[in-house]
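Reading the structure
Chain by chain, the residues run as shown.
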Amino acid sequence: IEKQRSQIEKVLAAYRRGLTIIEAAYPDTIDVANVNFNIANVLFDEGHQADALPNIQKALVIYEKLLGSTSLKTASVLCLEGDAYRLTKRYADAEGPLRRCAEIREKDSGLNSAELADALQSLARTMVAEGKESGAEPRYKLVEKIRENTVGITSPLLAEAMEEHAALLKSLGRDKESERLATMASAIRKTQGKTGK
């Protein structure tokens, strides 16, 4: 673990050195946005979501300015921003970026997009945390449909969405629907155990 942490710190240091040089020579360019986005992703993956936010916001401003508010790069940064807010329990701040991310991805790729499912699941999780269960529920349904089509009926990603949806239905007092989904998710998990995936 120490070796891995040291490697991550080296990667971050290299990115930051590169960013200083690029910003000095070519401020507000796609390269500056890309390096900020890379730094943000490393920090996010290491559990430092709050620390990632300044880099996310720098990347977002540049992508929106140079690529437009409907580009997939802009969507990726919006989703990362929304997830960073969600994981730091700033749910009201998370909802807007996640909605925008989902809208861009749906407009670009339609409803059969694994990336759209990711955005919708993050949005549903945020809405549940905000107490907006009735708004989250149809989004979980859509996530399940998309995952069935994009990753298949034996995917652990589908099982995960079903488990979260089942918990939500239970909280809404829809016990029969909740049990049915939980049973389906459990069957998928068992299949995964047998295949060793």
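Residues numbered from 1 in each chain as written. Predicted model: local features only at pLDDT ≥ 70, side-chain atom pairs only at ≥ 80, totals over all residues. Heavy atoms only, no water.

A look at the confidence of the model for the chain
Quick reminder of the rule: As a per-residue quantity, pLDDT reports the predictor's confidence and falls between 0 and 100. Every helix listed is a DSSP run of H or I at least four residues long, and every strand listed is a run of E at least two residues long, numbered separately from the N terminus.
For the chain, the average pLDDT comes to 93, and 97% of its residues sit at 70 or higher. Element-level mean pLDDT values for the chain span from 81 in helix α1 (residues 2-25) up to 98 in helix α4 (residues 72-87).

What about the environment of Ser76?
For clarity, the cut-off: Note on definitions: a residue-residue contact is assigned when non-hydrogen atoms from the two residues lie within 4.5 Å.
Tracing the backbone through its elements, the reader meets Ser76 in helix α4. Distance from Ser76 to Pro97, taken between C-alpha atoms, is 9.9 Å for residues 21 residues apart in sequence. Among residues more than four places away in sequence, those in contact with Ser76 are Phe37 and Arg105.

Describing the packing of aromatic side chains
As a reminder, the rule being used: Classification of ring pairs uses Phe, Tyr and Trp, with its six-membered ring standing for Trp, and accepts pairs whose centres are within 6.5 Å; under 30 degrees between planes counts as stacked, over 60 as edge-to-face, and the remaining range as tilted. Categorising residues by exposure relies on relative accessible area from a 1.4 Å probe, with only protein chains included: less than 20% of the type maximum marks a residue as buried, more than 50% marks it as exposed, and the intermediate range marks it as partly exposed.
For the structure shown, the criterion picks out one aromatic pair. Arranged with centres 6.3 Å apart and planes meeting at 80 degrees, the rings of Phe37 and Tyr63 form a pair that is edge-to-face. With Phe37 in helix α2 (residues 30-45) and Tyr63 in helix α3 (residues 49-67), the pair connects residues that are 26 residues apart, well separated along the chain. The residues Phe37 and Tyr63 share a single accessibility class, namely buried.

Points about the nonpolar core
Selection rule: Residue types Ala, Val, Leu, Ile, Met, Phe, Trp, Tyr and Cys, when buried and joined through side-chain atoms within 4.5 Å, form a set referred to as a nonpolar core.
Membership of the largest hydrophobic core comes to 44 residues, with the highest contact counts inside it found for Ile56 and Val77. Residue assignment for this core shows that the elements contributing at least two residues are α1, α2, α3, α4, α5 (91-109), α6 (114-129), α7 (133-150) and α8 (156-171). The element that contributes the greatest number of residues to this core is α2, accounting for nine residues. Counting residues in hydrophobic clusters, the runner-up holds eight residues, among them Ala159, Ala166, Leu169 and Leu181.

A closer look at the packing of α2 against α3
Packed helix pairs are specified by the crossing angle of their axes together with the interaxial distance, meaning the distance between the axes. Spelled out, the test is: Note on geometry: axes are lines fitted to C-alpha atoms, helical ones only across the stretch in contact, with angles between N-to-C directions running from 0 to 180 degrees. To sort the angles, those under 35 degrees are grouped as roughly parallel, those over 145 as roughly antiparallel, those from 65 to 115 as roughly perpendicular, and the leftovers as oblique. With the far helix as reference, a near helix turned anticlockwise by less than a right angle produces a left-handed crossing, and one turned clockwise produces a right-handed crossing.
Where α2 meets α3, the axes come as close as 8 Å, and the angle between the chain directions of the two elements is 155 degrees. Judged by the inter-axis angle, α2 sits roughly antiparallel to α3. Helix-helix and strand crossings are classified by hand; for α2 and α3 the assignment is left-handed. Of the residues in α3, those in contact with Ile30, Val32, Ala33, Asn34, Asn36, Phe37, Ile39, Ala40, Leu43 and Phe44 of α2 are Gln49, Asp51, Ala52, Asn55, Ile56, Lys58, Ala59, Ile62, Tyr63, Leu66 and Leu67.

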